[in-house]
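A closer look at the structure
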Amino acid sequence: MAGNVKVFVPRDTTACSLGANQVAAKLQQHFSVQSLNYEVIRNGSRGLYWLEPLIEIAAADERVAFGPIGLADIDDFIAGKCWEIDKSHPKYLGPTEEIPYLKQQQRLTFARVGLSESLSIADYQNHSGFTGLKKALAMTPQDLVTEVKESGLRGRGGAAFPTGIKWQTVLDNEADQKYIVCNADEGDSGTYSDRMLMESDPYCLIEGMTIAARAVGAEKGYIYLRDEYPLAHAILEEAIETARDENFLGSNILDSGASFDIEIRLGAGAYICGEETSMLESLEGKRGEVRPKPPLPAIEGLFGKPTVINNVISLAAVPGIIAEGAASYHNYGIDRSRGTLPFQLAGNIKQAGLVEIPFGATLRDMLYEYGGGSRSGRPLKAVQVGGPLGAYLSESQWDTPLDYEAFVAIDGMLGHGGIVAFDDSVDMSEQARFSMEFCAIESCGKCTPCRIGSVRGVEVIDLIREGENSGENKELLLELCDTMVAGSLCAMGGLTPFPVRSALKHFAEDFEQG
Amino acid sequence: MSKEKEISKEEIVSGIVSEHKETSGPLLIILHEIQKALKFIPPETVPLIAEGLNLSRAEVHGVISFYHFFRSAPPGRHTIQICRAESCQAMGSRQLEQHAKQSLGIDFHQTTADEQITLEPVYCLGNCACSPAIRVGDDIHAHVGPAAFDAILADLATEKVEVQN
């Protein structure tokens, strides 16, 4: 097949949900039947989801794009022989890298995502893959930990704890066995960056985990993956096997003497298992009930051993940091939020997709410059940032810089970088009710404020919505929120009040219809 | 097919338990394997699992009932999961949910009388850029409004006929 022109059709959950598999099959069949010198390559998604399925063609020195080419468009695409790059075609988008949405981003962690052939370990290496690991194998564990500390990388799962400090604790704890656990239980609505990374650049996660293992002295790693991601599961399984075959995993990795292997464990539909101690319980085969801290998982984690628990994006940032040096990452961002965050635009937004940029832009930039406003065409009214436990923000707050501390200062949180937009048809009292309902459904049940508080929360909000003793019940709801914040064992009960209180505070009129 | 039917549920479960019992923390793996093989975890096999792993029946039952994914009764031929989370809400999933329940005549966690469709809620499929999303088997569908939902149902019904023939 050498010499064939490459035609890229993404293999990514969202692209596939828009027909990418069928489009790829039709194209490949056409090329085969007509004996054309073209072949279909399955890359990951560039994350410009409103343009998916986005077909790219490898021209002389750049890639050009057509999109969206779904099932309704593929016959026309084939009839027009678009792979010969008909620039007058209405779906022609020009060189992919020049599309402003992509060009304006600073993709560090997502540099390869959508560019390389997801499952080709050779293509991964053609795009600087395993450079970080090779460098890491020649470094001391302490130097690795120091490098990550100096990069300023903080936990991208949402808690934003400095990754290097966590690694230091595990490195400093002597034990016969240590573990690296990758938290891939990406349950927050409006977030999909973990899924994209795993589907589009799986070797990057494997490389990040292997470097982490080298840094702290672990020989076994687990990826705790949610069951809701069947494609990520299939792709990761295949990537791990290939990495083993090529000696990037297993014993004596690249003849360095170091050993490390990874096993995927599937979750079973419990949101709470994204909480790190609950996840450890689940990995041990138990009910996913939250453990009190201390002890910290870094000291007594999985099976009682020192354990690094990092989110997919934190681990995927590591190969680049090691390869390019801490400063290369630290130079991006503002204040204590260093580097970049892959934001995810979701909900009622015209140009939904992945936007990796340094900390410091505003929410308004994201919603309008990247997002292009609402998908429905109606005015935007509320934005929830940071998943179901993040505050609902009203327009007066959209100029807040996207950085961890600035968001805490307005009672919000950046979390995992999910941004869900709502237009003016939303009823915020209904959203507040859902926050409590979700907590009631997903609470692990271990502590009372979360388990009972959420049920009472639904009841009180129902009364307010019906207009029954509205004033008194609002006071009661706020008191209940205080109790949950102060008394819950983990972030589930402790943060559920944030979207509720923000809805009540910034969208008070929606609680008056009774 | 007929040979498979001769193997009892108990034998299947025992086989899975002995295959994985030496793995660390094996219970979730075992439950996943059983559900993959039998489509649910028959309550009468709980004692077998407990005995194999040296756990109490209560512990095994506790784990099964904790996780939304595990089921103790057989599902319909197809399981449809409708995302109820915020991103999908912003694009009309509440209306989709009502439409689905009405057209199927069932609530969440129920199966149609003809045993074809089981309806389940799900909290995020990671397809939030193209909400509302639903999952049928391992396929995720994007932008699913009521009309798209009806079309998917119609496809499933055709598939049923093909499979049975």
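Treat the numbers as computed from the prediction; the structure is a model and nothing was measured.

Parameters and conventions
- Residues numbered from 1 in each chain as written.
- Chains lettered and ligands numbered in written order.
- Predicted model: local features only at pLDDT ≥ 70, side-chain atom pairs only at ≥ 80, totals over all residues.
- Heavy atoms only, no water.
- Pairing = 2+ DSSP bridges.
- Helix = DSSP H or I, 4+ residues; strand = E, 2+ residues; numbered from the N terminus.
- Axes fitted to C-alpha atoms, helices over the stretch in contact; angles between N-to-C directions.
- Contact = heavy atoms within 4.5 Å.
- Buried area = accessible area lost by both parts, 1.4 Å probe.
- Salt bridge = Lys/Arg side-chain N within 4 Å of Asp/Glu carboxyl O.
- Polar contact = N/O pair within 3.5 Å; in protein donor to acceptor, adjacent residues only side chain to side chain.
- pLDDT = per-residue confidence, 0-100.
- Domains from an automatic or database assignment.
- Nonpolar A, V, L, I, M, F, W, Y, C, P; charged D, E, K, R; others polar.
- Buried < 20%, exposed > 50% of the residue type's maximum accessible area, 1.4 Å probe, protein only.
- Arc of directions from axis to C-beta.

Here the focus is the sheet that holds strand S12 (residues 340–347) of chain A. All names here are of chain A. Taking strand neighbours across the sheet as the criterion, the 5 strands line up as S13-S12-S16-S14-S15 in an open arrangement whose pairing is mixed. The open sheet has two edge strands with one neighbour each: strand S13 (354–358) and strand S15 (392–394). In this sheet, neighbouring strand axes are inclined to one another by 30° on average, regardless of whether the strands run parallel or antiparallel.

All right, on to the interface of chain B and chain A then. Taken together, the 39 residues of chain B in the interface contact 57 residues of chain A. Where chain B abuts chain A, roughly 3700 Å² becomes buried across the two surfaces, and 57% of that area is made up of carbon and sulfur atoms. If you sort the residues of chain B by the area they bury against chain A, B:Phe66, B:Glu86 and B:Tyr123 come out on top, with a joint share of 18%. Linking chain B to chain A there are 3 salt bridges. Ionic pairing is found between B:Arg135 and A:Asp227, a salt bridge with its closest N-O pair at 3.8 Å. On the surface where chain B and chain A come into contact, there are 27 residue pairs in polar contact (both at pLDDT 80 or more). Put simply, the parts of the chain that give the side of chain B that touches chain A at least two residues each are helix H3 (27–38), helix H5 (57–66), helix H6 (86–89) and strand S5 (139–141) of chain B.

So, about the confidence of the model for chain B. Confidence in the prediction of chain B, expressed as mean pLDDT, is 94, and 93% of residues score 70 or more. Across residues 161–165 of chain B, where pLDDT falls below 50, the model places 2 contacts with residues more than four positions away in sequence or in other chains.

Residue and element names in this part refer to chain A. The domains assigned to chain A are domain 1 (5–103), domain 2 (121–330), domain 3 (333–423) and domain 4 (428–511). Each of domain 3 and domain 4 has a C-alpha centre, and the two are 23 Å apart. Buried area between domain 3 and domain 4, both sides added, is near 1200 Å², and the carbon and sulfur share of it is 68%. Area buried by domain 3 at its contact with domain 4 is led by Lys381, Leu389 and Tyr392, which between them contribute 53% of it. Remark: the boundary between domain 3 and domain 4 carries 1 salt bridge. Two residues, Asp510 and Lys381, come together in a salt bridge whose shortest N-O distance is 2.7 Å. Summed over the shared surface of domain 3 and domain 4, the number is 4 residue pairs in polar contact (both at pLDDT 80 or more). Counting residues per element, the ones that place at least two in the side of domain 3 that touches domain 4 are strand S14 (380–385) and S15. Of the residues in the side of domain 3 that touches domain 4, the class split is 8 nonpolar, 4 polar and 2 charged.

Take helix H7 (residues 141–151) of chain A next. Residues and elements named next belong to chain A. Within the span of H7, buried status applies to Leu144, Val145, Glu147, Val148 and Ser151. All buried residues of H7 project into a common sector of 155° when viewed along the axis, lining one side. Packing partners of the buried residues in H7 comprise helix H6 (131–137), helix H8 (163–172), helix H10 (202–216), helix H13 (312–324), helix H14 (326–330) and strand S11 (337–338). Gly152 sits one or two residues past H7 and shows a positive phi near 80°.

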